[in-house]
2 protein chains.
Amino acid sequence: MTEKLPTLVVASHNTGKITEFERILSAWWRIQPQATLGVTAIPETGLSFIENAMLKARHACRETGKAALADDSGLVVPALGGAPGLYSARYSGAGDAANNALLLQNMRALRGERREAFYIAVLVLMHGPEDPAPIVTEGRWYGHIADAPRGHHGFGYDPLFIPQGETRHAAELNHEEKDRMSHRGMAVTQLLKRCRE
Amino acid sequence: MTEKLPTLVVASHNTGKITEFERILSAWWRIQPQATLGVTAIPETGLSFIENAMLKARHACRETGKAALADDSGLVVPALGGAPGLYSARYSGAGDAANNALLLQNMRALRGERREAFYIAVLVLMHGPEDPAPIVTEGRWYGHIADAPRGHHGFGYDPLFIPQGETRHAAELNHEEKDRMSHRGMAVTQLLKRCRE
């Protein structure tokens, strides 16, 4: 069976994401991480999440001659001018714990007025480097930034992010709960729906 | 009331589209066509609809300092390698009737095997030139290409496009029917839903 499926290259080096894509999309595609084809990461020079996802997907298509799936995601705090935003993973330059500490510090400087934030994930499925109509899906997870971190699940800013309608921090949700609510969960669900069409 | 609404620049010079956006979005925004602010069209050099819509929205944001809405749309025929695609409006270089004639001629060369096609419309609402998370919505209208044109409503390739589940050509639908089914109708409905969020 598997040999008959078309190959979909995943333009990511994050094992967690690759596994998630594989679980959901393996009925339609044979999932192949770009690293297994010798494709390396490119600089993310876009001005928006969608442009970065487009850059990554196109690069993977060009290098492999196959269809490719890319994602880009981050946390946006409007009161901080959109930061950490595109630079969510490299905000402090020193990993998740330091990123969370820097975010808290910058929130304190605002004197707690506007704590709204959202996580965003954009997925791009491109059939070739000049595909005029790549499939683009997006999920946003609205909430606000807490005064102090809590929880040990998840990654990124999950210890500081309290989703709308929740009292728990995102890092206190288990994987299934997070997948059901999260920005990435929504974007992947939509991608699946679009593939079925 | 109106003075309190934020201004949304529409990066389009098409009166029909501007009127449609105004009708639907005027509860949230004061709609202002970019031409009234002295902004002229820019070359659409993107490799995809979404990149062209991003280019147009960003240009309008940069020139006006305000939020901007842009759209890009076209007809994609997979059996023709995606043509007319990004070049839908300028396929023949001589307007709608000549574009339709050229499409028919190119379909004949395929000997009628694969006549599937889809219309696509992508909308981008950008809050500023460096908005990391512009709102992007998309509509696709699936169908196939007829052997001969029929109908006098609509524009573009509507005389040749038979929507899925229809026996009538798109150019035989009245405006309300078309808005309810069409790629642009879907994209605008989604944009409205996203603005309400």
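Coordinates for the structure precede this section.
Reading the values: rules and limits
Residues numbered from 1 in each chain as written. Chains lettered and ligands numbered in written order. Predicted model: local features only at pLDDT ≥ 70, side-chain atom pairs only at ≥ 80, totals over all residues. Heavy atoms only, no water. Pairing = 2+ DSSP bridges. Helix = DSSP H or I, 4+ residues; strand = E, 2+ residues; numbered from the N terminus. Axes fitted to C-alpha atoms, helices over the stretch in contact; angles between N-to-C directions. Contact = heavy atoms within 4.5 Å. Least-squares fit on C-alpha atoms with pLDDT ≥ 70 in both. Buried < 20%, exposed > 50% of the residue type's maximum accessible area, 1.4 Å probe, protein only. Buried area = accessible area lost by both parts, 1.4 Å probe. Salt bridge = Lys/Arg side-chain N within 4 Å of Asp/Glu carboxyl O. Polar contact = N/O pair within 3.5 Å; in protein donor to acceptor, adjacent residues only side chain to side chain. Nonpolar A, V, L, I, M, F, W, Y, C, P; charged D, E, K, R; others polar. Expected span 1.5 Å × (residues − 1). Lys, Arg positive; Asp, Glu negative; His and termini not counted. Disulfide = S-S within 2.5 Å. Arc of directions from axis to C-beta.

A. Local environment of the sheet that holds strand E3 (residues 67-76) of chain B. Residues and elements named next belong to chain B. Across the sheet, which stays open at both edges, the 6 strands sit in the order E2-E1-E3-E4-E5-E6 with mixed pairing between neighbours. Because the sheet does not close on itself, it has two edges, and the strands there are strand E2 (30-33) and strand E6 (161-163). Adjacent strand axes in the sheet meet at a mean angle of 30°, parallel and antiparallel pairs treated alike. Across the sheet, helix H1 (residues 15-25) lies against strand E1 (7-10), E2, E3 and strand E4 (116-126), angled at about 125° from E3, the strand it touches most. Here helix H2 (residues 49-64) sits on the sheet in contact with E1, E3, E4 and strand E5 (135-145), set at roughly 155° to E3.

B. The arrangement of the relation of the copies chain A and chain B in detail. Once turned by 180° and shifted 0.0 Å along the axis, chain A lies on chain B with an RMSD of 0.0 Å. On this basis, the relationship between the two copies can be described by a two-fold rotation axis. The overlap is high: 96% of the interface residues of chain A also sit at the interface in chain B, so the same surface is used on both sides.

C. The pairing of strand E5 (residues 135-145) of chain A, seen in detail. All names here are of chain A. In terms of burial, E5 is largely enclosed, as 9 of its 11 residues are buried. Of the pairings in the sheet, the one linking strand E4 (residues 116-126) to E5 comprises 10 bridges and is antiparallel in character. Opposite Leu125, over in E5, you have Ile135 as the bridge partner. Here 3 bridges tie E5 to strand E6 (residues 161-163), and the two strands are oriented antiparallel to one another.

D. Highlighting the interface of chain A and chain B. Between chain A and chain B, the residue contacts involve 23 residues of the former and 23 residues of the latter. Between chain A and chain B, a total of about 1700 Å² is buried, with carbon and sulfur atoms accounting for 58% of that surface. Across the chain A-chain B interface, the total number found is 4 salt bridges. With its nearest N and O atoms 2.7 Å apart, the salt bridge here joins B:Arg58 to A:Glu51. At the junction of chain A with chain B, the criterion picks out 10 residue pairs in polar contact (both at pLDDT 80 or more). Contributing elements (two or more residues each) for the side of chain A that touches chain B: helix H2 (49-64), E4 and E5 of chain A. With 6 residues, the top contributor of residues to the side of chain A that touches chain B is H2(A). Tallied by class, the residues present in the side of chain A that touches chain B amount to 13 nonpolar, 1 polar and 9 charged.

E. Local environment of H2(A). Here H2(A) is 16 residues long and its end C-alpha atoms lie 23 Å apart, about the 22 Å a rise of 1.5 Å per residue gives. Among the 16 residues of H2(A), 13 are classified as buried, and the element is accordingly described as predominantly covered.

F. Molecular detail of the environment of A:Met107. The residue A:Met107 is located in helix H3 (residues 96-109) in this model. As for A:Met107 and A:Gly156, which are separated by 49 residues in sequence, their C-alpha atoms are 16 Å apart.

G. Quick look at the side chain of B:Asp131. Structurally, B:Asp131 can be placed in the loop between E4 and E5. In this structure B:Asp131 is buried but unpaired, with A:Arg140 as the nearest side chain of opposite charge at 6.6 Å. Not counting residues within four places of it along the chain, the set of residues in contact with B:Asp131 comprises A:Leu47, A:Ser48, B:Leu125 and B:Met126.

H. Structural view of the state of the cysteines. Residues and elements named next belong to chain B. Here the structure, examined in full by the defined rule, presents 0 disulfides over all chains. For Cys61, which is in no disulfide, the shortest distance to another cysteine sulfur is to Cys195 and amounts to 14 Å. Cys61 gets classed as buried once you look at its relative accessible area, which sits at 1%.

I. Just H1(B), in detail. Residues and elements named next belong to chain B. Among all positions of H1, only Lys17, Ile18, Glu20, Phe21 and Leu25 are buried. With its buried residues spanning 165° around the axis, H1 presents them on a single face. Every exposed residue of H1 that faces more than 90 degrees away from the buried side is listed here: Thr15 and Arg23. On its buried face, H1 sits against E1, E2, E3, E4, helix H4 (175-181) and helix H5 (183-196).

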